[in-house]
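Read off the chains here:
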Amino acid sequence: MLMATSPQGPLALTGVPYYVTLFGRDSLITSWFLLDAAPGIAESTLRSLAAHQGKIDDPVTLEAPGKIAHELRDSELARTGDVPYGRYYGTADASALYVLLMRDHWKATGRTDLVANLAHAWRGAIAWCRRAQGNDGLLRYASGPHGRGLVNNSWKDSKDSMSYADGSLATGPLAVVEVQGYLAAALDAAAELEQALAGDKQHIESLRREAADLRELIDAAFWNDALGIHAIAVDEDGRQCDVVSSNPGHLLWAGVLSAPRAAAVADRLMQPDMWTGWGVRCLSMRERRYQPLSYHNGSVWPHDNGLIAAGAKRYGLTETSDKIWRGMDAAAAAFADLRLPELFGGYEKVPARPPIPYAETCSPQAWAAAAMVFRTMDKGK
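Keep in mind it's a predicted model, so treat the numbers as computed, not measured. (Residues numbered from 1 in each chain as written. Predicted model: local features only at pLDDT ≥ 70, side-chain atom pairs only at ≥ 80, totals over all residues. Heavy atoms only, no water.)

Asks: So, the overall build of the protein chain: which residues are in play, and what are the values?
Replies: Scanning the protein chain from N- to C-terminus turns up 13 helices and 11 strands. Each of the three principal axes of the protein chain carries a C-alpha extent, and together these read 55 × 45 × 45 Å. Sequence-distant contacts in the protein chain: of pairs separated by 6 or more residues, those separated by 24 or more amount to 65%. Accessible surface computed for the protein chain: about 15000 Å², of which carbon and sulfur atoms make up 53%. (Helix = DSSP H or I, 4+ residues; strand = E, 2+ residues; numbered from the N terminus. Contact = heavy atoms within 4.5 Å. Areas by Shrake-Rupley, 256 points an atom, 1.4 Å probe, with all protein chains shown as cover.)

Asks: Requested: an account of the sheet that holds strand β7 (residues 172–176), with residues and values cited.
Replies: Read from one edge of the open sheet, four strands run β6-β7-β10-β11, paired in antiparallel fashion. Every interior strand has two partners, whereas the edge strands, β6 (141–143) and β11 (240–241), have only one. Pairing of β6 with β7 involves three bridges; the strand directions are antiparallel. When the bridges of β7 are listed, Y141 appears paired with L174. The strands touched by helix α7 (residues 177–196) within the sheet are β7 and β10 (233–234), with β7 carrying the most contacts at an inclination of about 60 degrees. (Pairing = 2+ DSSP bridges. Axes fitted to C-alpha atoms, helices over the stretch in contact; angles between N-to-C directions.)

Asks: Which residues make up the nonpolar core, and what values do they have?
Replies: Side chains of a nonpolar character, in soluble globular proteins, are inclined to be buried together. Counting residues in hydrophobic clusters, the biggest one holds 119 residues, and the most contacted among them are Y98, V99 and L340. Looking at this core, the element that brings in the most residues is α7, giving 12 residues. Among all residues touching L340, those that are not within four sequence positions of it are P302, M328, A331, A332, F335, A368 and M372. (Core = buried A, V, L, I, M, F, W, Y, C linked by side-chain atoms within 4.5 Å. Buried < 20%, exposed > 50% of the residue type's maximum accessible area, 1.4 Å probe, protein only.)

Asks: Can you tell me about the pairing of β7, naming the residues and giving the values?
Replies: Burial of β7 is extensive: four of the five residues sit out of reach of the surface. Where β7 lies against β10, two bridges are found, and the strand directions are antiparallel. Its bridge partner lying in β10, V176 is registered against A233.

Asks: Tell me about the pattern of salt bridges, and please be specific about residues and values.
Replies: As a working rule, side chains carrying opposite charge can pair if their charged atoms are close by. Tallied over the entire structure, the rule returns 20 salt bridges. E43 serves as the salt-bridge partner of R47, at 3.1 Å between the closest nitrogen and oxygen. With a gap of four residues between them, R47 and E43 both fall in helix α2 (residues 39–51), about one helical turn apart. The shortest N-O distance in the salt bridge between R73 and E71 comes to 2.4 Å. Bridged by salt links that share partners, the residues E43, R47, R111 and D113 form one connected network. (Salt bridge = Lys/Arg side-chain N within 4 Å of Asp/Glu carboxyl O.)

This is how it looks when you write it as structure tokens:
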């Protein structure tokens, strides 16, 4: 239902009815979930996003040289400027995710020719990431209204997704925790890709040192002993947005944590304030802004859970991984159409009550569906 053709090949569109188009972050994560089942979709996605990679600095669309786009639309409203998303680049993480998918596609297929053919794209993407790092080494975006664009540029891109424990919203340049994890992993991935192309050894070592330094910085800047997990973000003054969220679970998927930290993160996400029985909430029910039917403040997102589960298995935390997949299986079976929507309510699972849907959710949604394809392909590995 979501497949489309393009000059670059078959693409998975993001979701019906609101996001029937190519996105940066969403399409890259969808392609990663589908990599074993359909590597051609990853190739088409990489080629399509390279064709629309940023070339100039534009403060309205947030385009920048090397930056991977957030959203691409070709419609009457986009052409007349009545919606801002003809080509929109308000994403802090798609560029790092591009490099990760490029590396993982190469590992899955051995396609060094594609690595070489798209070298300008993944090198440009990693160069943008490095330019976006502040003096403290963290990749930041300027939260706040950009015309009619997004306030936040991480996957939780709603305007009220980044808050402190007292419920107040974070503003100014923000460093969101999973974005740093994606970048640390992408720096290592870029080093592998350079090595595959017999690149400069000093440059390769520089990328690896930067990745190692960033992994240490993530732990130093984001870990919060009182929370028992990493903070969701750090503001420009170095103050943590000290709430418990699902975001640190993506650090498991990125593979940037030590084994003890990974175990601690997985354990914290399975506590009752985060675990619903269906899946992991995206925000703890103890937090001031918790609302089970909000977009990003307490709902359950299948793709979020899929990345956490894949990351937990990466660290050998199979009990956590299996528990999440069983919850997702049960949720899918409980919906009338037998598929997972974009998100659903973060209410506790109780007998005889199905998951409560979010009113404006997309269904089908590509990364939710793709997570379950990944679950099927990964079973027994």
